[in-house]
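Okay, here's what each chain looks like letter by letter:
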Amino acid sequence: MHDLVIEVDQVSKSYGSVRVVDDVSLSVVRGEFIGLLGPNGAGKTTLIEMIEGLREPDSGTVTVLGHRPHPRDLDLLPRIGVQTQKSAFFERLTAIEHLETVAGLYGRSPADARRSLEQVGLADAADVRVTKVSGGQRQRLAIAAALVHEPDVIFLDEPTGPLDPQARRDLWSMLRRLKDEGRSIVFTTHHLDEAEALCDRVAILHAGRIAALDSPRTLISGAALGSQIRLPAGRMTAAEAGALDGVDSVSDAGADLVLHTRHVARVLAALGPDLDAVTTKGATLEDVYLELIGARS
Ligand SMILES: Nc1ncnc2c1ncn2[C@@H]1O[C@H](COP(=O)(O)OP(=O)(O)OP(=O)(O)O)[C@@H](O)[C@H]1O
């Protein structure tokens, strides 16, 4: 029996006459990592903020760890960690003092503050004033503040937006460790590679509704988008490539010809033994996303 941690049941929210979250239902079990994806304005932040208890749904119910998150539930707060897109800081403090203050609010010790600072790779910036840290460090500090009290459920709204590639990968490793500890994570992202690498399931939102909800692998295989085989443009003409066994279509990518196919092995066999500089690429979550959102726009 799975441990249900979050249950969103037929939740809707409008701003004025515009319904930005429209009849969304979603559940999250213990230890699950869920990604909320969707174009700008799809309703991801509004949805995650309703689950966090920062906004009240117009209709429908949200339950987190058996509690209603809105209005504020003091028993629930120590069990959830929240990083919002615009985080608040104690501006006059250093990074470690900021975290020690947040830790204190949760009845936690300075050792917890130090642990979460190290967890996000910010130990070197411990004594830097919050106003002086870089954009990426500020983001990591916001994430550290969400983790300082070791919450069971972690909400992160575009956590990797301002991070450089190495910091992004470091955060991925940290999030995987948190998941391995049995914590549940709900996050929003525009990085489809990140959602594919991290998430057990993703919800793709479009105009406030869930357009797809499943594991990245299931979404990719279900979409049957096929694969791409690239070969140097001088190797053959587009017409010749299009006539190969198994090729569905051909596109010109400048230095390469791109062969689209659902039968990679057949096309490779038809290309013969010389596969120098030939590369293949299966469909990704980004391909599924673009297909889905493109079809609905
Ligand atoms: N407080 C508010 N008052 C009025 N409209 C709002 C408010 N907050 C958000 N909106 C609007 O609601 C819609 C959904 O916004 P939301 O921030 O939830 O989307 P999102 O998917 O998180 O977008 P993004 O990827 O750009 O962060 C947008 O059209 C936005 O302009």
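In every chain, residue numbers begin from 1 and rise along the written sequence. Since the coordinates come from a predicted model, pLDDT governs what is reported: local features require at least 70, and pairs of side-chain atoms require 80 or more to be given and counted, while whole-chain, interface and lining totals use all residues. For side-chain calculations, the full set of non-hydrogen atoms in the structure is used, while hydrogens and water are omitted.

Draft legend 1. Focus on the site of the ligand. The near set for a molecule or strand comprises every residue that places at least one heavy atom within 4 Å of it. Neighbouring the ligand are 14 residues; G41, K44, T45, T46 and H190 lie closest to it. Within 3.5 Å is the distance limit for a polar contact, defined as a pair of N or O atoms, with the added protein rule that one can donate a hydrogen and the other accept it, and that residues adjacent in sequence qualify only through two side-chain atoms. Between an oxygen atom of the ligand and a main-chain N or O atom of G41, the distance comes to 2.8 Å. A distance of 2.9 Å is found between an oxygen atom of the ligand and a side-chain nitrogen or oxygen belonging to H190. Elements are defined by DSSP. Helices are runs of H or I of four residues or more, strands are runs of E of two residues or more, and each kind is numbered from the N terminus. In terms of residues, the shell around the ligand owes the most to one element, helix α1 (residues 44-52), which gives three residues.

Draft legend 2. Region of interest: the packing of helix α2 (residues 95-105) against helix α4 (residues 135-147). Helix axes are fitted to C-alpha atoms over the stretch in contact, other axes to C-alpha atoms as well, and angles between N-to-C directions run from 0 to 180 degrees. At a minimum axis separation of 9 Å, α2 and α4 run at an interaxial angle of 25°. The angle between α2 and α4 falls in the class roughly parallel. As for how α2 packs across α4, the hand of that crossing is right-handed. Facing α2, whose interface residues are A95, H98, L99 and V102, α4 presents L141, A144 and A145. Grouping the amino acids of the contact of α2 with α4 by side-chain chemistry returns six nonpolar, one polar and no charged. When an angle is under 35 degrees it counts as roughly parallel; over 145 it counts as roughly antiparallel; between 65 and 115 it counts as roughly perpendicular; any other value is oblique. Put simply, a crossing is left-handed when the front helix is turned counterclockwise from the back one by less than a right angle, and right-handed when it is turned clockwise. Throughout, a contact is declared for two residues whenever any of their heavy atoms are within 4.5 Å. Throughout this entry, Asp, Glu, Lys and Arg are counted as charged residues, while Ala, Val, Leu, Ile, Met, Phe, Trp, Tyr, Cys and Pro are counted as nonpolar. The remaining residues, Gly among them, count as polar.

Draft legend 3. Up close: the domain arrangement of the protein chain. Examined at the domain level, the protein chain breaks down into domain 1 (4-221) and domain 2 (227-281). Averaged C-alpha coordinates put domain 1 and domain 2 at centres separated by 42 Å. Note that the domain bounds reflect an automated or database-derived domain assignment.

Draft legend 4. Here's a closer look at the environment of V130. For V130, the position within the fold is in the loop between α3 (110-119) and α4. Residues V130 and L141, eleven residues apart in the sequence, show an inter-C-alpha distance of 8.7 Å. Ignoring anything within four residues of it in the chain, the contact list for V130 reads F89, F90, E91, L93, T94, A95, H98, R138 and L141.

Draft legend 5. How the structure looks around the pairing of strand β8 (residues 201-206). Think of it in three bands: with a 1.4 Å probe and only protein chains considered, a residue is buried below 20% of the maximum accessible area for its type, exposed above 50%, and partly exposed in between. Burial analysis of β8 places five of its six residues in the buried class, which makes it a mostly covered element. Pairing between strands is defined by DSSP: at least two bridges between the two strands are required. In this structure, strand β3 (residues 33-37) lies alongside β8, joined through four bridges in parallel fashion. Bridge pairing in β8 links L36 to A203. Judged from the five bridges that link them, β8 and strand β9 (residues 209-214) form a sheet pairing that is antiparallel. Across the sheet, L205 pairs through a bridge with I210, a residue of β9. Once β8 ends, the chain turns through two residues before running back antiparallel as β9, passing A207 with a positive phi of about 50°.

Draft legend 6. Main features of the sheet that holds strand β2 (residues 18-29). Strands sit in the order β2-β1-β4 across an open sheet of three strands; the sheet is antiparallel. For this open sheet the edge positions go to β2 and β4 (59-64), each flanked by a neighbour on one side alone. Averaged over all pairs of adjacent strands, the angle between strand axes in this sheet comes to 15°, irrespective of strand direction. Judged from the eight bridges that link them, strand β1 (residues 4-15) and β2 form a sheet pairing that is antiparallel. Within β2, the position partnered with L4 by the bridge is V29. Packed onto the sheet, α1 meets β1, β2 and β4 and runs at close to 125° relative to β1.

Draft legend 7. Structural view of a nonpolar patch on the surface. Two joining distances apply to patches: 9 Å for like charges and 5 Å for nonpolar side chains (Val, Leu, Ile, Met, Phe, Trp, Tyr), and every residue must have over 30% relative accessible area and no salt bridge. Shrake-Rupley sampling with a 1.4 Å probe provides the accessible areas, and residues are treated as covered by the protein chains on show and by no other component. What makes a salt bridge here is a side-chain nitrogen of Lys or Arg within 4 Å of a carboxyl oxygen of Asp or Glu, nothing more. Taken together, F90, L105 and Y106 make up a surface patch of nonpolar side chains, about 310 Å² in accessible area. Within the secondary structure, F90 sits in the loop between β5 (80-83) and α2.

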